[in-house]
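# Per-entry structural report
Listed below are the residues making up each chain.
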Amino acid sequence: YEAKQNRSGWSMFSERNIQCGRQRLKLRADLDDALSERQIKLHYQPKVSLKDGHIIGVEALARWYHPTDGLLPPAHFIELIEQSGRVQEFGRYVIANAIEQLDLWHQQGLFTPIALNLSPYNLLDPSLLDFTLRLLKNHKIEANKLEIELIESATSVNIEYISQSLNNFKEAGIKLAIDDFGTGMSSLSYISNLNVNHIKIDRSFIDGIEQDIRKQAVVSSVIMLANSFECEVIAEGIENKSQSERLIEMGCLYGQGYYYAKPMTAENMQAMLQADAALPL
Ligand code: C2E
Ligand code: MG
Ligand code: MG
Ligand code: MG
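Below or above, wherever it landed, is the structure these notes cover.

Cut-offs applied
Each chain has its residues counted from 1, running along the sequence as written. Whichever chain is written first becomes A and whichever ligand is written first becomes 1, with later ones labelled in order. Totals for whole chains, interfaces and linings use every residue, but because this is a predicted model, local features are given only for residues with pLDDT of at least 70 and side-chain atom pairs only at 80 or more, for both listing and counting. The side-chain figures draw on all heavy atoms in the structure; neither hydrogens nor water molecules are used. A donor here means an N, O or S atom no more than 2.8 Å from the metal, or no more than 3.2 Å when the metal is Na, K or Ca. Since water is not included, a site may seem to lack partners. By the criteria applied, helices consist of DSSP H or I runs no shorter than four residues and strands consist of E runs no shorter than two, each listed in order from the N terminus. To sort residues, take the accessible area from a 1.4 Å probe on protein chains only and compare it with the maximum for the residue type: under 20% means buried, over 50% means exposed, and anything in between is partly exposed. Remark: nonpolar core denotes a set of buried residues (Ala, Val, Leu, Ile, Met, Phe, Trp, Tyr, Cys) joined through side-chain atoms within 4.5 Å. Throughout, the arc means the angular range of directions from the helix axis out to the C-beta atoms. A contact between two residues is defined here by any heavy atoms of the two lying within 4.5 Å. In this text, near means that some heavy atom of the residue lies within 4 Å of the molecule or strand in question. Here a polar contact is recorded for every N or O atom pair within 3.5 Å, except that within protein the pair must consist of a potential hydrogen donor and a potential acceptor, and residues adjacent in sequence are included only if both atoms are side-chain atoms. Only the protein chains shown count as covering a residue, and every accessible area follows the Shrake-Rupley method with a 1.4 Å probe. Working definition: a disulfide is two cysteine sulfur atoms within 2.5 Å of each other. A pairing counts as a salt bridge when a side-chain nitrogen of Lys or Arg comes within 4 Å of a carboxyl oxygen of Asp or Glu.

Another point: the coordination of the magnesium ion (ligand 3). Every protein donor of the magnesium ion (ligand 3) is accounted for by Asp179 (OD), Asp180 (OD), Glu236 (OE) and Glu236 (OE), and the metal-donor separations fall at 2.0 to 2.5 Å. Sequence spacing of the donor residues for the magnesium ion (ligand 3), all on one chain, is D-D-x55-E. Here the magnesium ion (ligand 2) and the magnesium ion (ligand 3) are spaced 4.2 Å from one another, each receiving a donor from Asp179. Here the residue Asp179 occupies a position in strand S8 (residues 175-181), and Glu236 occupies one in the loop between strand S10 (232-235) and helix H10 (241-249), the gap between them amounting to 57 residues. We classify Glu236 as buried; its relative accessible area is 12%.

Listed below in structure tokens is the structure:
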């Protein structure tokens, strides 16, 4: 197969190659090294206050620095991890890396919270919370510096089944967000069952929101809904000024997207936090 670089610098496999079973088998075999040699690293994207552009937190996004195939986005390996029985190992890997990063940033006087993505399967691991709390304690990090972003799984992990586990995280002080809100069938059941800190509106509702009054209506309703649950809305995938302005008019306070900053290495994120530069309004 050949790896191609597209404009954003990803190694992209051609459509044919993505479907190629051999490629998948190869990547699956490579997963051992990915975790043991720490080839998977966390990049960070800022979440900003829309009104003043200040960074309110960062989201950790996994990238695989593959030794021969280049930089691989999560779309190329998260599913493989889930299918290969390593989902618990990977969840712990991401948590451990994020907490180490919080520690490094604390040592630099930077106290920005980190949100990380977990698969709903991770909440089936009964000792994940203990694992997380132990690491937080060892690194002397407050639990409220960590947030878990959870998507509705396409599979059958049941919200009622994992809500006890999520509530335990919440009670320990760890923050919760519902990711890609609006894309799954059970979004409403999620927020009626859980006391979450943030609702992240999926970027499909932000794309075109400048002109599309139906999308505006959906987003306004989510903002109202969130207000009544006392949680905050974060708009995902803001790519231009007019989207940002529209969202501000609608009462959305926080956002994330290429207009502000793309995901970047931990080093670049640190430099941006140190500069404490307000991002574009
Ligand atoms: P997500 O958590 O909803 O993350 C947002 C995705 O949107 C990221 O893609 C980000 O790079 C991209 N994005 C941000 N701003 C914009 C924008 O303005 N326009 C566009 N078009 N895209 C934008 P990425 O990094 O490829 O991640 C895709 C998904 O993979 C994530 O969606 C998340 O569900 C999953 N993922 C990423 N890291 C992890 C991880 O460590 N563990 C697990 N379980 N899943 C992860
Ligand atoms: Mg996310
Ligand atoms: Mg999302
Ligand atoms: Mg997503």
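Don't stop here, the text continues.
Time to look at the nonpolar core. Judged by nonpolar contacts, the single largest core of 78 residues is most densely connected at Ile40, Tyr44, Phe90, Leu116, Val219 and Leu247. It is helix H4 (residues 87-107) that provides the largest number of residues to this core, a total of nine residues.

Side chains of residues three or four places apart in an α-helix project in the same direction, reflecting 3.6 residues per turn. The set of residues buried in helix H5 (residues 128-138) consists of Leu128, Leu129, Phe131, Thr132, Leu135 and Leu136. Along the long axis of H5, the arc covered by the buried residues comes to 160°, so they all point the same way. Among the exposed residues of H5, those pointing more than 90 degrees away from its buried face are Asp130, Lys137 and Asn138. Buried positions along H5 lie against H4, strand S6 (114-118), strand S7 (146-150) and helix H6 (159-171). Immediately beyond the C-terminal end of H5, within one or two residues, lies Lys140, with a positive phi of roughly 55°.

Let's shift gears to the site of ligand 1. Not every one of the 23 residues close to ligand 1 is listed here, only the nearest: Arg63, Asn117, Asp179, Glu239 and Tyr258. The side chain of Arg203 places a nitrogen or oxygen atom 3.0 Å from an oxygen atom of ligand 1. Separating an oxygen atom of ligand 1 from a side-chain N or O atom of Glu236 is a distance of 3.2 Å. Starting from 800 Å² of accessible surface for ligand 1 in isolation, the protein chains cover 83%. The set of elements that each furnish at least two residues to the shell around ligand 1 consists of strand S4 (55-66), H4, S6 and S8.

On inspection of all chains with the given rule, the structure shows zero disulfides. Here Cys252 is not disulfide-linked; the sulfur of Cys231 is the nearest cysteine sulfur, at 12 Å.

Backbone geometry places Lys140, a non-glycine residue, at a positive phi of 55°. When you line up the elements, Lys140 lands in the loop between H5 and S7. One non-glycine residue, Asp180, lies in positive phi territory at about 55°. Along the polypeptide, Asp180 turns up in strand S8. Note on Asp180: relative accessible area 24%, which makes it partly exposed.

Under the criterion given, the structure shown has eleven salt bridges. Here Glu149 makes a salt bridge to Lys47, at a shortest N to O gap of 3.0 Å. Placement of Glu149 in strand S7 and of Lys47 in strand S3 (residues 40-49) is noted, with a sequence separation of 102 residues between them. The burial state of Glu149 is the same as that of Lys47; both residues are buried.

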